[in-house]
Amino acid sequence: MSEPPIHVVPVPAHPGVARWQAMAPPGAAVGTAGLWPVPGVRPHVPELSLYVRPEWRRRGIGSRLLTAIRDRATGPLLVADVPAGSPAEAFCQWHGFRHARCRRHDLLTYGDVHQAWLGELVDTEHPGYRLLHWTGDLPGTPHVAELIRSPSGPGTTVLTAADADGDLAAYAVAVVGMLTRRRARQYGPAVLPGHRGRRLGRWVNAALIQRLRAEHPHIDEVEAVAGADDPGLLAARADLGFRIRRKSHLYELTLP
Ligand SMILES: CC(C)(COP(=O)(O)OP(=O)(O)OC[C@H]1O[C@@H](n2cnc3c(N)ncnc32)[C@H](O)[C@@H]1OP(=O)(O)O)[C@@H](O)C(=O)NCCC(=O)NCCS
């Protein structure tokens, strides 16, 4: 029997996110791909999300979705975070991605967080620093220092930062809609050189957790990724109640 024709089509997504579906007749989506801007210090390196329904795998559909992504991507690189030893890892290697580093994913559940304690952490003064917040949809190449000075509005991204006399000192960001409906993805906290050793990471992260729930009450879990060899960051997260969930590998693809 011949294979049904598969059409790869762009679909509407959150502003700043590029998304495609692979459609099989009579109109069933059998795979999806997305390119998500990642807020932070490497704002031009988006993250790939790719999924093909199990019964449709090994027919070239993932490769066709990746081609659509590559044709659209404008930056020098894209990254993919994949479970170690998974089909996705074999897929990335097949397509010329380079293994960049090992990562771990930690999970925080709101039900496990004592809200009064969280409030105290957020309210603790850090002399010389102030907390700032931004919410909205990420533009294509978000840089934290610019985002925090731009007007807030409704959107998928919540950013909390600490600044000292107008200089960005620390930040943490959460994005909703990238994982499941109830789970947000967190980046950071990151503390910039010259501001370390003052517990700013824990401060901005506590403020982010509090703010995220206020902006998106349906979120009940936060998943955070980090390099597996970043003890300071992991300790700050553990302090807040994050627990290790799984390990993954980060792959990078250089674009022409
Ligand atoms: C990764 C994924 C998208 C691949 O989709 P796919 O449609 O099966 O991929 P393709 O058929 O285009 O595979 C292209 C090549 O990748 C390699 N590959 C893909 N799956 C593989 C597997 N299970 N084992 C070994 N190699 C594999 C093969 O070299 C394959 O070519 P071949 O079939 O001619 O040997 C799919 O397995 C998936 O949805 N996994 C779960 C989601 C996930 O982990 N996503 C990654 C996050 S970015």
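Here the structure is a predicted model, which means the values were calculated and not measured.

Q: Any chance you could explain helix 5 (residues 200-215) here in plain terms?
A: Think of an α-helix as 3.6 residues a turn; residues three or four steps apart then line up on the same face. In this model, helix 5 (16 residues) spans 22 Å end to end at C-alpha, consistent with the 22 Å of a helix rising 1.5 Å per residue. With 13 of its 16 residues buried, helix 5 lies for the most part within the structure.

Q: Would you take a moment to explain the packing of helix 3 (residues 115-123) against helix 5 for this structure?
A: Each pair of packed helices can be described by the angle between their axes along with the distance between the axes. The contact between helix 3 and helix 5 brings their axes to 8 Å, and the two run at 130°. Classed by the angle they form, the pair helix 3 and helix 5 counts as oblique. Every pair of crossing elements has a handedness; the one defined by helix 3 and helix 5 is left-handed. Residue-level inspection shows Leu118, Leu121 and Val122 of helix 3 in contact with helix 5, the latter providing Arg202, Trp203, Ala206, Ala207, Ile209 and Gln210.

Q: Is there a simple way to explain the site of the ligand in this structure?
A: Around the ligand there are 20 residues in total, and Arg57, Gly62, Ser63, Pro87 and Ala90 lie nearest to it. Partitioning the shell around the ligand into residue classes produces 12 nonpolar, five polar and three charged.

Q: Help me out: how do you make sense of the confidence of the model for the protein chain in this one?
A: For the protein chain, the average pLDDT comes to 92, and 97% of its residues sit at 70 or higher. Mean pLDDT across the elements of the protein chain ranges from a minimum in helix 6 (residues 231-240), with 87, to a maximum in helix 2 (residues 87-94), with 97.

Definitions and limits used
- Numbers given for residues are sequential positions, taken from 1 along each chain in its written order.
- In view of the model being predicted, local features appear only for residues whose pLDDT reaches at least 70, and side-chain atom pairs are presented and counted only at 80 or more, with totals across whole chains, interfaces and linings using the full set of residues.
- Where helices and strands are cited, they refer to DSSP runs of H or I of at least four residues and of E of at least two residues respectively, numbered from the N terminus.
- The span you would expect from a helix comes to 1.5 Å times its residue count less one.
- Here the C-beta atoms are placed from the backbone, and a residue counts as buried if at least 20 other C-beta atoms lie within 10 Å of its own, exposed if 12 or fewer do, and partly exposed otherwise.
- With axes taken as lines fitted to C-alpha atoms, and helix axes fitted only over the stretch in contact, angles between N-to-C directions fall between 0 and 180 degrees.
- When describing relative orientation, an angle under 35 degrees is termed roughly parallel and one over 145 degrees roughly antiparallel, while 65 to 115 degrees is termed roughly perpendicular and anything else oblique.
- It is the rotation of the near helix from the far one that decides the hand of a crossing: anticlockwise by less than a right angle makes it left-handed, clockwise makes it right-handed.
- What counts as a contact is two residues whose backbone-derived C-beta atoms lie within 7 Å of each other.
- All residues are tested the same way: a C-beta atom is placed from the backbone, and lying within 6 Å of a molecule or strand makes the residue near it.
- When residues are grouped by polarity, Ala, Val, Leu, Ile, Met, Phe, Trp, Tyr, Cys and Pro land in nonpolar, Asp, Glu, Lys and Arg in charged, and all others, Gly among them, in polar.
- The pLDDT value tells you how sure the predictor is about a given residue, anywhere from 0 up to 100.

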